[in-house]
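Breakdown of the fold
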Amino acid sequence: MSLYQKNLGKTGEDLAIDFLKSHSYSILEKNFRSKFGEIDVIAEKKHCLYFVEVKTRSNTYHGEPYEAVNKRKIYHIKKASQYYLLKNKFEGYKLKIAVFSILIEGEKIDIKFWDDIES
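These remarks concern the structure in this document. Predicted, not measured: the structure shown is a model, and the values here were computed from it. (Residues numbered from 1 in each chain as written. Predicted model: local features only at pLDDT ≥ 70, side-chain atom pairs only at ≥ 80, totals over all residues. Heavy atoms only, no water.)

**Considerations on the packing of aromatic side chains**
Scanning the model with the defined rule gives twelve aromatic pairs in all. On the numbers, 5.3 Å between centres and 80° between planes, the contact of phenylalanine 19 with phenylalanine 100 is edge-to-face. Note that phenylalanine 19 is positioned in helix α1 (residues 3-22) and phenylalanine 100 in strand β4 (residues 94-105), a separation of 81 residues in sequence. For phenylalanine 19, a relative accessible area of 24% puts it in the partly exposed group. Taken together, the ring pairs connect Phe32, Phe36, Phe51, Tyr83, Tyr84, Phe90 and Tyr93 into an aromatic cluster. For lysine 79, the ring lying beneath its charged end belongs to phenylalanine 36, and the centroid distance is 5.8 Å. (Phe/Tyr/Trp six-rings, centres within 6.5 Å; stacked < 30°, edge-to-face > 60°. Helix = DSSP H or I, 4+ residues; strand = E, 2+ residues; numbered from the N terminus. Buried < 20%, exposed > 50% of the residue type's maximum accessible area, 1.4 Å probe, protein only. Lys NZ or Arg CZ within 6 Å of the ring centre and 35° of its normal.)

Given below as structure tokens:
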């Protein structure tokens, strides 16, 4: 991964975190890593845990950012979230997988957010 891609991804994650905080989510963890994969952001709101995937692109040559969140990626998020729950006790919480699709084209920023893609 190039430095440009890393910086773009970091910018997207920062935008997602700012969005979540401005909508009363508490950020519990960023870039949680396990042998099953990485979860970009883990947040909590109203006794619900959100395992958040952030996809950021600078153009749509290869599709919209959210199109990269396929069944395989969702499977890895689920496995990593199960591992997170084993390490951290959150009993009675509702669990959700959320996705940010962020397109940054020059000065224009388009943010789309789905707070529960499994429903």
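**Comments concerning the pairing of strand β3 (residues 48-57)**
Within β3, eight of the ten residues are buried, which leaves the element mostly enclosed by the surrounding structure. Sheet analysis places strand β2 (residues 37-45) next to β3, joined by five bridges and oriented antiparallel. By the bridge assignment for β3, glutamate 44 is matched with leucine 49. As consecutive antiparallel partners, β2 and β3 are separated by two residues, and within that stretch lysine 46 has a phi angle of approximately 50°, a positive value. Of the strand pairs in this sheet, β3 and β4 are connected by ten bridges, and their pairing is parallel. Counted as the bridge partner of cysteine 48 is lysine 94 from β4. Between the parallel pair β3 and β4, the chain is carried across by helix α2 (residues 71-87), and the sense of this crossover is right-handed. (Pairing = 2+ DSSP bridges. Right-handed = clockwise from strand over helix to strand, strands pointing away.)

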